[in-house]
Amino acid sequence: MSEDQKSDSGSIISTVRSGGILSLSRTIALGGSVTVGLGVFVYLGFALDVAGTRTPLAYGMTVLIFMPVVLAYAERALAIPSGEGLLRLGRSDDRVWMAYADDWLALGGFAGLIGLLGWGVALHVNLLLGRLFGLNLPGSFLAICAIALIAINRVFGIRGSLRMRMRLIYISVPLLILVVGIGWLSAENLPSVRFSLRIPGDTAGAIALLSGLLWGLGLILDQRDQVRSPSRNLTPALFIALLLGSISGLLASMMVLRYPQTGSAERLPLAAITAQSSPVVEVLYIIIGLVICLVALDRSVVSGLRLVGAMMAQGQIPDHLQIGQRTINLNRLLIVTAISTLPVLVLTFETLVGITGMFFLLTTILVFSVDLLKPRSRLPDHRGLKLPFHPLFPSLA
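Quantities reported herein were computed from a predicted structural model and do not represent experimental measurements. (Residues numbered from 1 in each chain as written. Predicted model: local features only at pLDDT ≥ 70, side-chain atom pairs only at ≥ 80, totals over all residues. Heavy atoms only, no water.)

**Observations regarding the packing of aromatic side chains**
Here is step 1: Taken as a whole and assessed by the stated rule, the structure comprises 7 aromatic pairs.
Here is step 2: For the ring pair Phe46 and Phe349, a centre distance of 6.5 Å and an interplane angle of 50 degrees mean the geometry is tilted. Note that Phe46 is positioned in helix 2 (residues 44-51) and Phe349 in helix 14 (residues 349-369), a separation of 303 residues in sequence.
Here is step 3: By relative accessible area, which is 4% here, Phe349 ends up buried.
Here is step 4: Relative to Phe349, the ring of Trp119 has its centre 5.6 Å away and its plane inclined at 70 degrees; by these criteria the two rings are edge-to-face. Here Trp119, found in helix 5 (residues 96-133), pairs with Phe349, found in helix 14; they are 230 residues apart in sequence, far enough to count as distant. Here Trp119 matches Phe349 in class, with each residue buried.
Here is step 5: The structure contains a cluster of three or more aromatic residues connected by ring pairs, namely Tyr73, Phe110, Trp215, Phe360 and Phe368. (Phe/Tyr/Trp six-rings, centres within 6.5 Å; stacked < 30°, edge-to-face > 60°. Helix = DSSP H or I, 4+ residues; strand = E, 2+ residues; numbered from the N terminus. Buried < 20%, exposed > 50% of the residue type's maximum accessible area, 1.4 Å probe, protein only.)

Here's what the structure looks like:
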(Lines give C-alpha, C1' and ligand atoms only; values in the text may rest on other atoms or scores of the structure.)
Protein backbone atom coordinates (compact mmCIF):
# COMPACT_ATOMS: atom_id res chain seq x y z
CA MET A 1 0.00 0.00 0.00
CA SER A 2 1.29 3.47 -0.84
CA GLU A 3 2.15 5.72 2.05
CA ASP A 4 0.11 8.47 0.39
CA GLN A 5 -3.00 6.35 0.11
CA LYS A 6 -6.18 7.66 1.73
CA SER A 7 -9.58 6.18 2.48
CA ASP A 8 -12.73 7.28 0.70
CA SER A 9 -13.69 9.36 3.73
CA GLY A 10 -10.52 11.42 3.35
CA SER A 11 -8.87 10.16 6.51
CA ILE A 12 -5.32 8.89 6.43
CA ILE A 13 -4.76 5.16 6.39
CA SER A 14 -2.28 4.16 9.04
CA THR A 15 0.72 2.14 7.87
CA VAL A 16 3.00 2.73 10.85
CA ARG A 17 5.51 -0.05 11.34
CA SER A 18 5.15 -2.29 14.37
CA GLY A 19 8.82 -3.24 14.77
CA GLY A 20 12.26 -1.63 14.91
CA ILE A 21 15.63 -1.57 16.57
CA LEU A 22 14.83 1.07 19.21
CA SER A 23 13.55 -0.35 22.48
CA LEU A 24 11.71 1.90 24.93
CA SER A 25 14.90 2.68 26.87
CA ARG A 26 16.88 3.52 23.72
CA THR A 27 14.09 5.71 22.42
CA ILE A 28 14.01 7.61 25.71
CA ALA A 29 17.80 7.98 25.58
CA LEU A 30 17.56 9.33 22.02
CA GLY A 31 15.16 12.11 23.01
CA GLY A 32 16.72 12.60 26.43
CA SER A 33 20.12 13.34 24.91
CA VAL A 34 18.59 16.55 23.51
CA THR A 35 16.31 17.48 26.41
CA VAL A 36 19.06 16.97 29.02
CA GLY A 37 21.80 18.35 26.76
CA LEU A 38 19.88 21.58 26.14
CA GLY A 39 18.13 21.81 29.50
CA VAL A 40 21.23 21.44 31.69
CA PHE A 41 24.31 22.10 29.57
CA VAL A 42 23.08 24.85 27.22
CA TYR A 43 19.98 26.60 28.62
CA LEU A 44 20.55 26.60 32.38
CA GLY A 45 22.52 29.82 32.71
CA PHE A 46 20.21 31.65 30.30
CA ALA A 47 17.11 30.33 32.10
CA LEU A 48 18.49 31.58 35.41
CA ASP A 49 19.05 35.01 33.87
CA VAL A 50 15.42 35.11 32.69
CA ALA A 51 13.52 33.44 35.54
CA GLY A 52 15.88 34.05 38.45
CA THR A 53 14.65 32.39 41.60
CA ARG A 54 11.65 30.99 39.72
CA THR A 55 13.79 28.88 37.41
CA PRO A 56 12.94 25.55 39.12
CA LEU A 57 9.25 26.42 38.74
CA ALA A 58 9.77 27.12 35.03
CA TYR A 59 11.48 23.75 34.50
CA GLY A 60 8.77 21.95 36.46
CA MET A 61 5.94 23.70 34.59
CA THR A 62 7.46 22.80 31.22
CA VAL A 63 6.13 19.23 31.40
CA LEU A 64 2.62 20.38 32.32
CA ILE A 65 2.46 23.21 29.78
CA PHE A 66 3.64 21.05 26.88
CA MET A 67 1.79 17.84 27.78
CA PRO A 68 -0.95 18.51 25.16
CA VAL A 69 1.80 18.84 22.55
CA VAL A 70 3.25 15.46 23.57
CA LEU A 71 -0.15 13.74 23.42
CA ALA A 72 -1.21 15.37 20.14
CA TYR A 73 2.06 14.45 18.44
CA ALA A 74 1.90 10.90 19.81
CA GLU A 75 -1.61 10.42 18.42
CA ARG A 76 -0.58 11.76 15.03
CA ALA A 77 2.69 9.83 14.87
CA LEU A 78 0.93 6.53 15.60
CA ALA A 79 -1.51 7.12 12.74
CA ILE A 80 0.61 8.65 9.97
CA PRO A 81 3.10 6.67 7.85
CA SER A 82 6.66 7.13 9.01
CA GLY A 83 8.70 6.58 5.84
CA GLU A 84 9.75 10.24 5.62
CA GLY A 85 10.27 10.80 9.33
CA LEU A 86 9.34 14.14 10.83
CA LEU A 87 8.48 15.61 7.43
CA ARG A 88 5.57 13.20 7.05
CA LEU A 89 3.69 14.53 10.08
CA GLY A 90 2.79 17.75 8.25
CA ARG A 91 1.58 15.97 5.14
CA SER A 92 -1.99 15.10 6.12
CA ASP A 93 -3.53 18.10 4.37
CA ASP A 94 -4.02 18.76 0.68
CA ARG A 95 -2.70 22.32 0.87
CA VAL A 96 0.77 22.05 -0.60
CA TRP A 97 1.92 25.47 0.61
CA MET A 98 1.18 24.54 4.22
CA ALA A 99 3.01 21.23 3.97
CA TYR A 100 6.03 22.89 2.37
CA ALA A 101 6.05 25.69 4.95
CA ASP A 102 6.02 23.05 7.69
CA ASP A 103 8.98 21.27 6.06
CA TRP A 104 11.06 24.44 5.85
CA LEU A 105 10.24 25.41 9.43
CA ALA A 106 11.35 21.97 10.57
CA LEU A 107 14.58 22.37 8.61
CA GLY A 108 15.19 25.77 10.21
CA GLY A 109 14.54 24.25 13.61
CA PHE A 110 17.03 21.44 13.04
CA ALA A 111 19.60 24.01 11.91
CA GLY A 112 19.07 25.92 15.15
CA LEU A 113 19.17 22.74 17.23
CA ILE A 114 22.44 21.59 15.66
CA GLY A 115 23.89 25.07 16.16
CA LEU A 116 22.88 25.13 19.85
CA LEU A 117 24.31 21.67 20.52
CA GLY A 118 27.49 22.83 18.78
CA TRP A 119 27.50 25.74 21.24
CA GLY A 120 27.06 23.25 24.09
CA VAL A 121 30.12 21.33 22.94
CA ALA A 122 32.04 24.58 22.49
CA LEU A 123 31.28 25.84 26.00
CA HIS A 124 32.56 22.65 27.59
CA VAL A 125 35.60 22.33 25.33
CA ASN A 126 36.53 25.86 26.40
CA LEU A 127 36.22 24.78 30.03
CA LEU A 128 38.59 21.89 29.37
CA LEU A 129 41.05 24.07 27.44
CA GLY A 130 40.99 26.65 30.20
CA ARG A 131 41.59 24.01 32.85
CA LEU A 132 44.46 22.33 31.01
CA PHE A 133 46.13 25.13 29.06
CA GLY A 134 44.62 28.43 30.22
CA LEU A 135 43.07 29.02 26.78
CA ASN A 136 39.74 30.67 25.96
CA LEU A 137 38.80 30.39 22.28
CA PRO A 138 35.80 32.07 20.59
CA GLY A 139 32.66 30.04 21.25
CA SER A 140 31.30 30.40 17.72
CA PHE A 141 34.57 29.08 16.27
CA LEU A 142 34.52 26.01 18.51
CA ALA A 143 30.81 25.41 17.79
CA ILE A 144 31.46 25.42 14.04
CA CYS A 145 34.42 23.08 14.54
CA ALA A 146 32.22 20.70 16.54
CA ILE A 147 29.54 20.63 13.82
CA ALA A 148 32.18 20.16 11.12
CA LEU A 149 33.84 17.29 13.02
CA ILE A 150 30.51 15.49 13.45
CA ALA A 151 29.88 15.94 9.72
CA ILE A 152 33.33 14.62 8.83
CA ASN A 153 32.79 11.69 11.18
CA ARG A 154 29.58 10.80 9.33
CA VAL A 155 31.67 10.34 6.18
CA PHE A 156 35.10 9.13 7.29
CA GLY A 157 35.00 8.47 11.01
CA ILE A 158 34.09 5.60 13.27
CA ARG A 159 30.34 5.90 13.57
CA GLY A 160 29.87 3.19 16.16
CA SER A 161 26.53 1.63 16.93
CA LEU A 162 23.39 3.36 18.07
CA ARG A 163 23.38 1.00 21.05
CA MET A 164 26.79 2.32 22.14
CA ARG A 165 25.63 5.92 21.93
CA MET A 166 22.51 5.21 23.95
CA ARG A 167 24.59 3.43 26.58
CA LEU A 168 26.69 6.57 26.91
CA ILE A 169 23.49 8.44 27.74
CA TYR A 170 22.48 5.76 30.29
CA ILE A 171 25.82 6.25 32.03
CA SER A 172 25.97 10.04 31.74
CA VAL A 173 22.56 10.90 33.22
CA PRO A 174 23.15 9.09 36.58
CA LEU A 175 26.63 10.64 36.75
CA LEU A 176 25.06 14.05 36.17
CA ILE A 177 22.69 13.44 39.09
CA LEU A 178 25.75 12.48 41.18
CA VAL A 179 27.50 15.74 40.25
CA VAL A 180 24.37 17.73 41.14
CA GLY A 181 24.20 15.89 44.47
CA ILE A 182 27.83 16.71 45.26
CA GLY A 183 27.23 20.34 44.40
CA TRP A 184 24.13 20.36 46.62
CA LEU A 185 26.06 19.01 49.59
CA SER A 186 28.97 21.41 48.98
CA ALA A 187 26.88 24.58 49.08
CA GLU A 188 27.79 25.52 52.65
CA ASN A 189 31.50 24.96 52.01
CA LEU A 190 31.79 27.12 48.87
CA PRO A 191 30.71 30.63 49.91
CA SER A 192 32.86 32.19 47.19
CA VAL A 193 30.56 30.86 44.43
CA ARG A 194 27.99 33.60 43.90
CA PHE A 195 25.37 34.30 41.24
CA SER A 196 23.31 37.34 40.31
CA LEU A 197 19.67 36.28 39.91
CA ARG A 198 16.49 38.19 39.23
CA ILE A 199 13.92 38.13 42.02
CA PRO A 200 11.37 36.86 41.19
CA GLY A 201 12.08 36.72 37.43
CA ASP A 202 9.97 35.95 34.34
CA THR A 203 8.55 32.42 34.62
CA ALA A 204 6.51 32.60 31.41
CA GLY A 205 9.52 33.87 29.47
CA ALA A 206 11.66 31.00 30.75
CA ILE A 207 9.00 28.42 29.78
CA ALA A 208 8.89 29.90 26.28
CA LEU A 209 12.69 29.64 26.19
CA LEU A 210 12.53 25.99 27.29
CA SER A 211 10.23 25.12 24.36
CA GLY A 212 13.47 24.27 22.57
CA LEU A 213 13.57 21.07 24.65
CA LEU A 214 10.72 19.81 22.47
CA TRP A 215 13.23 19.13 19.71
CA GLY A 216 14.15 16.04 21.74
CA LEU A 217 10.64 14.82 20.90
CA GLY A 218 11.33 15.80 17.30
CA LEU A 219 14.21 13.32 17.15
CA ILE A 220 11.99 10.52 18.46
CA LEU A 221 9.20 11.40 16.02
CA ASP A 222 11.69 11.45 13.16
CA GLN A 223 12.94 7.95 14.05
CA ARG A 224 9.54 6.49 14.94
CA ASP A 225 9.77 3.90 12.16
CA GLN A 226 12.67 2.40 14.13
CA VAL A 227 10.80 2.20 17.44
CA ARG A 228 9.93 -1.30 18.58
CA SER A 229 6.17 -1.73 19.21
CA PRO A 230 5.42 1.99 18.70
CA SER A 231 1.79 1.71 19.81
CA ARG A 232 3.07 0.69 23.25
CA ASN A 233 6.41 2.54 23.48
CA LEU A 234 6.16 5.80 21.55
CA THR A 235 3.91 7.80 23.88
CA PRO A 236 5.78 6.98 27.13
CA ALA A 237 9.10 7.59 25.36
CA LEU A 238 8.01 11.11 24.33
CA PHE A 239 6.74 11.90 27.82
CA ILE A 240 9.73 10.49 29.72
CA ALA A 241 12.26 12.19 27.41
CA LEU A 242 10.66 15.57 28.13
CA LEU A 243 10.42 14.69 31.83
CA LEU A 244 14.15 13.87 31.94
CA GLY A 245 15.10 17.31 30.64
CA SER A 246 12.62 19.01 32.94
CA ILE A 247 13.67 17.18 36.12
CA SER A 248 17.39 17.50 35.34
CA GLY A 249 17.04 21.24 34.83
CA LEU A 250 14.87 21.57 37.94
CA LEU A 251 17.41 19.79 40.16
CA ALA A 252 20.36 21.68 38.66
CA SER A 253 18.66 25.06 39.08
CA MET A 254 17.65 24.22 42.66
CA MET A 255 21.27 23.38 43.38
CA VAL A 256 22.42 26.75 42.00
CA LEU A 257 19.85 28.53 44.17
CA ARG A 258 21.48 27.09 47.29
CA TYR A 259 24.42 29.45 46.73
CA PRO A 260 24.45 33.16 47.67
CA GLN A 261 22.69 35.21 44.97
CA THR A 262 25.04 38.17 44.74
CA GLY A 263 27.96 38.92 42.45
CA SER A 264 28.34 38.04 38.79
CA ALA A 265 26.17 35.72 36.70
CA GLU A 266 27.55 32.67 34.89
CA ARG A 267 26.57 31.11 31.57
CA LEU A 268 27.57 27.69 32.97
CA PRO A 269 26.68 27.92 36.67
CA LEU A 270 27.31 24.21 37.28
CA ALA A 271 30.84 24.66 35.98
CA ALA A 272 31.46 27.51 38.42
CA ILE A 273 30.35 25.28 41.28
CA THR A 274 32.25 22.13 40.26
CA ALA A 275 35.41 24.16 39.60
CA GLN A 276 35.64 24.97 43.32
CA SER A 277 34.30 21.65 44.55
CA SER A 278 37.14 19.37 43.42
CA PRO A 279 39.16 18.79 40.22
CA VAL A 280 37.68 15.30 39.85
CA VAL A 281 34.10 16.57 40.02
CA GLU A 282 34.91 19.40 37.60
CA VAL A 283 36.45 17.06 35.00
CA LEU A 284 33.56 14.63 35.45
CA TYR A 285 31.06 17.44 34.81
CA ILE A 286 32.91 18.54 31.65
CA ILE A 287 33.07 14.96 30.31
CA ILE A 288 29.36 14.40 30.99
CA GLY A 289 28.48 17.65 29.21
CA LEU A 290 30.65 16.80 26.22
CA VAL A 291 29.30 13.25 25.91
CA ILE A 292 25.62 14.22 26.09
CA CYS A 293 25.99 17.21 23.75
CA LEU A 294 28.08 15.24 21.23
CA VAL A 295 25.62 12.31 21.13
CA ALA A 296 22.69 14.71 20.76
CA LEU A 297 24.56 16.65 18.06
CA ASP A 298 25.31 13.47 16.11
CA ARG A 299 21.69 12.26 16.23
CA SER A 300 20.41 15.73 15.28
CA VAL A 301 22.68 15.74 12.22
CA VAL A 302 21.29 12.31 11.25
CA SER A 303 17.71 13.62 11.48
CA GLY A 304 18.69 16.72 9.54
CA LEU A 305 20.18 14.53 6.79
CA ARG A 306 16.97 12.52 6.62
CA LEU A 307 14.84 15.65 6.34
CA VAL A 308 17.02 17.20 3.64
CA GLY A 309 17.01 13.91 1.70
CA ALA A 310 13.20 13.77 1.77
CA MET A 311 12.97 17.41 0.67
CA MET A 312 15.40 16.72 -2.18
CA ALA A 313 13.29 13.76 -3.30
CA GLN A 314 10.23 16.03 -3.44
CA GLY A 315 12.04 18.78 -5.34
CA GLN A 316 11.98 21.35 -2.53
CA ILE A 317 15.79 21.40 -2.45
CA PRO A 318 17.74 20.87 -5.69
CA ASP A 319 20.05 17.90 -5.78
CA HIS A 320 22.39 19.60 -8.26
CA LEU A 321 23.38 23.00 -9.63
CA GLN A 322 23.91 23.77 -13.32
CA ILE A 323 26.68 26.35 -13.86
CA GLY A 324 27.22 26.77 -17.58
CA GLN A 325 28.08 23.34 -18.94
CA ARG A 326 29.07 22.04 -15.53
CA THR A 327 26.76 20.10 -13.21
CA ILE A 328 27.55 20.20 -9.50
CA ASN A 329 25.84 17.56 -7.37
CA LEU A 330 24.76 18.82 -3.97
CA ASN A 331 25.57 16.67 -0.98
CA ARG A 332 23.03 16.39 1.86
CA LEU A 333 25.74 16.53 4.48
CA LEU A 334 27.21 19.73 3.07
CA ILE A 335 23.76 21.34 3.03
CA VAL A 336 23.03 20.37 6.65
CA THR A 337 26.47 21.56 7.76
CA ALA A 338 26.13 24.87 5.92
CA ILE A 339 22.66 25.76 7.21
CA SER A 340 23.65 24.77 10.76
CA THR A 341 26.86 26.81 10.90
CA LEU A 342 25.28 29.92 9.35
CA PRO A 343 23.14 30.85 12.41
CA VAL A 344 26.16 30.27 14.68
CA LEU A 345 28.08 32.81 12.60
CA VAL A 346 25.41 35.51 12.27
CA LEU A 347 23.28 35.17 15.44
CA THR A 348 24.06 35.65 19.09
CA PHE A 349 23.71 32.68 21.41
CA GLU A 350 20.59 34.19 23.02
CA THR A 351 18.91 34.81 19.65
CA LEU A 352 19.68 31.27 18.53
CA VAL A 353 18.06 29.92 21.70
CA GLY A 354 14.92 31.94 20.97
CA ILE A 355 14.47 31.06 17.31
CA THR A 356 15.13 27.34 17.87
CA GLY A 357 12.16 27.10 20.22
CA MET A 358 10.11 29.38 17.98
CA PHE A 359 10.63 27.10 14.96
CA PHE A 360 9.25 24.09 16.85
CA LEU A 361 6.22 26.06 18.03
CA LEU A 362 5.50 27.42 14.52
CA THR A 363 5.88 23.92 13.08
CA THR A 364 3.41 22.65 15.67
CA ILE A 365 0.92 25.38 14.76
CA LEU A 366 1.00 24.38 11.09
CA VAL A 367 0.81 20.66 11.82
CA PHE A 368 -2.32 20.93 13.98
CA SER A 369 -4.07 24.03 12.64
CA VAL A 370 -5.73 22.05 9.84
CA ASP A 371 -7.64 20.00 12.43
CA LEU A 372 -9.04 22.91 14.41
CA LEU A 373 -12.07 23.54 12.20
CA LYS A 374 -12.76 19.90 11.35
CA PRO A 375 -15.88 18.35 12.96
CA ARG A 376 -14.00 15.05 13.29
CA SER A 377 -10.39 13.98 13.17
CA ARG A 378 -8.95 13.05 9.76
CA LEU A 379 -6.82 10.39 11.42
CA PRO A 380 -7.97 6.76 11.09
CA ASP A 381 -10.44 5.51 13.68
CA HIS A 382 -8.30 2.48 14.47
CA ARG A 383 -5.04 4.01 15.67
CA GLY A 384 -2.62 3.37 18.48
CA LEU A 385 -3.75 6.40 20.52
CA LYS A 386 -7.15 8.05 20.18
CA LEU A 387 -7.58 11.24 22.17
CA PRO A 388 -11.13 12.27 23.20
CA PHE A 389 -13.05 15.49 22.56
CA HIS A 390 -11.68 16.40 19.13
CA PRO A 391 -10.38 19.07 18.45
CA LEU A 392 -9.49 19.75 22.11
CA PHE A 393 -5.92 18.41 22.06
CA PRO A 394 -4.93 19.87 18.64
CA SER A 395 -6.29 23.20 19.91
CA LEU A 396 -4.31 22.99 23.16
CA ALA A 397 -1.18 21.99 21.24
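**Details of the environment of Ile292**
Here is step 1: Structurally, Ile292 is set in helix 12 (residues 279-313).
Here is step 2: Once residues within four sequence positions are removed from consideration, Ile292 is found in contact with Ser33, Val36, Gly37, Phe41, Ile169 and Ser172. (Contact = heavy atoms within 4.5 Å.)

**Some details on the nonpolar core**
Here is step 1: Of all hydrophobic cores here, the largest spans 107 residues; its most connected members are Leu38, Phe41, Tyr43 and Leu297.
Here is step 2: Filtering out sequence-adjacent residues up to four positions away, Leu38 remains in contact with Tyr43, Leu44, Leu113, Leu116, Leu117, Gly212 and Leu213. (Core = buried A, V, L, I, M, F, W, Y, C linked by side-chain atoms within 4.5 Å.)

**Considerations on a nonpolar patch on the surface**
Here is step 1: Residues Leu132, Phe133, Leu135, Leu137 and Phe141 make up a contiguous nonpolar surface patch of roughly 510 Å² in combined accessible area.
Here is step 2: Relative to the helices and strands, Phe133 is located in helix 5. (Patch = residues over 30% accessible without salt bridge, like charges linked within 9 Å, V, L, I, M, F, W, Y side chains within 5 Å. Areas by Shrake-Rupley, 256 points an atom, 1.4 Å probe, with all protein chains shown as cover. Salt bridge = Lys/Arg side-chain N within 4 Å of Asp/Glu carboxyl O.)

**Describing helix 13 (residues 332-346)**
Here is step 1: Over its 15 residues, helix 13 runs 22 Å from end to end, which matches the ideal 21 Å to within 8%, given 1.5 Å per residue.
Here is step 2: Three or more residues of helix 13 are buried, namely Leu333, Ile335, Val336, Thr337, Ser340, Thr341, Pro343 and Val344. (Expected span 1.5 Å × (residues − 1).)

**Digging into the confidence of the model for the protein**
Here is step 1: Confidence along the protein averages 79 in pLDDT terms, with 75% of residues attaining 70 or more.
Here is step 2: Ranking the helices and strands of the protein by mean pLDDT puts helix 1 (residues 24-41) first, with 93, and strand 2 (residues 326-329) last, with 56.
Here is step 3: A low-confidence stretch, residues 1-16 stays under pLDDT 50, and its non-local contacts, those more than four residues away or across chains, total 37 contacts. (pLDDT = per-residue confidence, 0-100.)

**Some thoughts on the environment of Val227**
Here is step 1: With respect to the helices, strands and loops of the structure, Val227 is situated in the loop between helix 9 (215-222) and helix 10 (230-257).
Here is step 2: Val227 gets classed as buried once you look at its relative accessible area, which sits at 0%.
Here is step 3: Separated by 10 residues in the primary sequence, Val227 and Ala237 have C-alpha atoms spaced 9.7 Å apart.

**Some points on the packing of helix 4 (residues 67-77) against helix 10**
Here is step 1: In contact at an axis separation of 9 Å, helix 4 and helix 10 are set at 150 degrees when each is read in the N-to-C sense. With respect to helix 10, the axis of helix 4 lies roughly antiparallel. As for the relative orientation of helix 4 and helix 10, their crossing is right-handed in sense. Contacts from Met67, Val70, Leu71, Ala74 and Ala77 in helix 4 reach Leu234, Thr235, Leu238, Phe239 and Leu242 in helix 10. (Axes fitted to C-alpha atoms, helices over the stretch in contact; angles between N-to-C directions. Parallel < 35°, antiparallel > 145°, perpendicular 65-115°, else oblique. Left-handed = near helix turned anticlockwise from the far one by under 90°.)

**Here we look at the side chain of Thr337**
Here is step 1: Considering the arrangement of structural elements, one finds Thr337 in helix 13.
Here is step 2: On the basis of relative accessibility, which here comes to 18%, the residue Thr337 falls in the buried class.
Here is step 3: Here Leu333 takes part through its backbone oxygen, which lies 2.7 Å from a polar atom of the side chain of Thr337.
Here is step 4: Sequence-distant contacts of Thr337, defined by excluding residues within four places in its chain, comprise Ile147 and Ala151. (Polar contact = N/O pair within 3.5 Å; in protein donor to acceptor, adjacent residues only side chain to side chain.)

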